[in-house]
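Structural overview
In case you want the letters, here they are:
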Amino acid sequence: MDYFYFTLPVFIFANVTAFTPGPNNIILSTTAVKYGFNKAIPQIIGIFFGFLSFLAICLFGIGKIFLIYPSLYWVIKILASLFLLYLSYKIFTSKNFSDVKENKPLTFTQIYFFQIINPKGVMVSISASSLFLEGKFSYQLEFIIIFLCFAFSTFSSAITWAMIGHLFRKITNDQKKIIIFNKVMAVTLVGCIILILI
């Protein structure tokens, strides 16, 4: 029963933070709308391994560096905001489907390394390691429970957001509506940037 009471809040926290809108989810939906679900698969895998790599680093104790030196987190915020601003511009000005050669979806490598400066992911990882490594059980067991909860939520939310984009593409295979969708997603991403900097 103790394991259940430890795991439940971790599981809820992991799913709430994974499924709520953020840079990863907006990127996945936009990619799936523009290029189809298959093109979003490398991004799903990149987000999965990228986020879990950073989470593992935080669970190993490196996340405490951000608590000791908060200015490092501001550096990440600024870098991420610049990248997301550029991405917002590219999404906003996008006009066609995947036949546009100059605009390509983010690759596995790009989205993997983006997780290092993704403020939402960084904050969630630091929070998870600070909140849930309580010492109630062995360090190894708590590490595994936290890691597995986030592995499930990260993978399932990434697939869900990519499917939302893909379904939108299927339902409204109309270029004008896709352009509107891209503009809405770009503005939403700018909204994320504003929230990141607040």
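Our structure's up above, just so we're on the same page.
Quick summary incoming for the structure in this document.

About the cut-offs
- Residues numbered from 1 in each chain as written.
- Predicted model: local features only at pLDDT ≥ 70, side-chain atom pairs only at ≥ 80, totals over all residues.
- Heavy atoms only, no water.
- Core = buried A, V, L, I, M, F, W, Y, C linked by side-chain atoms within 4.5 Å.
- Buried < 20%, exposed > 50% of the residue type's maximum accessible area, 1.4 Å probe, protein only.
- Helix = DSSP H or I, 4+ residues; strand = E, 2+ residues; numbered from the N terminus.
- Contact = heavy atoms within 4.5 Å.
- Phe/Tyr/Trp six-rings, centres within 6.5 Å; stacked < 30°, edge-to-face > 60°.
- Polar contact = N/O pair within 3.5 Å; in protein donor to acceptor, adjacent residues only side chain to side chain.
- Expected span 1.5 Å × (residues − 1).
- Axes fitted to C-alpha atoms, helices over the stretch in contact; angles between N-to-C directions.
- Left-handed = near helix turned anticlockwise from the far one by under 90°.
- Nonpolar A, V, L, I, M, F, W, Y, C, P; charged D, E, K, R; others polar.

As for the nonpolar core
Most often, soluble globular proteins keep nonpolar side chains buried together rather than apart. In this structure, Leu-28 and Leu-87 are the most contacted members of the largest nonpolar core, which totals 33 residues. Elements with a contribution of two residues or more to this core: helix H2 (23-35), helix H3 (37-59), helix H5 (70-92), helix H6 (108-114), helix H7 (119-132), helix H8 (139-171) and helix H9 (175-197). Dropping the residues within four chain positions of it, Leu-28 is found in contact with Ala-40, Gln-43, Ile-44, Ile-47, Ala-158, Trp-161 and Ala-162. In this structure, Phe-6, Phe-51, Phe-132 and Phe-150 belong to the second largest nonpolar core, which totals 19 residues.

Considering the packing of aromatic side chains
Between two aromatic rings, the relevant description is the distance of the centres plus the angle of the planes. Going through the model one piece at a time under the given rule, you end up with 15 aromatic pairs. The interplanar angle of 85° and the centroid separation of 5.6 Å between the aromatic rings of Phe-6 and Phe-137 together place this pair among those described as edge-to-face. Of this pair, Phe-6 sits in helix H1 (residues 2-19) while Phe-137 sits in the loop between H7 and H8, placing them 131 residues apart in sequence. Comparing Phe-6 with Phe-137, the two get one shared label, buried. The interplanar angle of 35° and the centroid separation of 5.1 Å between the aromatic rings of Phe-83 and Phe-114 together place this pair among those described as tilted. Of the two residues, Phe-83 is situated in helix H5 and Phe-114 in helix H6; the sequence distance between them amounts to 31 residues.

Thoughts on the side chain of Ser-153
Within the fold, Ser-153 resides in helix H8. A relative accessible area of 0% means that Ser-153 is categorised as buried. A polar contact of 3.3 Å, which involves the side chain of Ser-153, links it to the backbone oxygen of Ala-14. For Ser-153, the contacting residues outside a window of four places in its chain are Ala-14, Asn-15, Ala-18 and Phe-19.

Things to note about H5
Helix length check: H5, at 23 residues, gives a terminal C-alpha distance of 32 Å against a target of 33 Å (1.5 Å per residue), a fit within 8%. Buried within H5 we find Tyr-73, Ile-76, Lys-77, Ala-80, Ser-81, Leu-84, Leu-87, Ser-88 and Ile-91.

Here we look at the packing of H3 against H7
At their nearest, the axes of H3 and H7 sit 9 Å apart, and the two run at 35° to each other. The two elements H3 and H7 meet at a crossing, and its hand is right-handed. Of the residues in H7, those in contact with Phe-51, Phe-54, Leu-55, Cys-58 and Leu-59 of H3 are Gly-121, Val-122, Val-124, Ser-125, Ile-126, Ala-128 and Ser-129. Within the contact of H3 with H7, the residues separate by chemical class into nine nonpolar, three polar and no charged.

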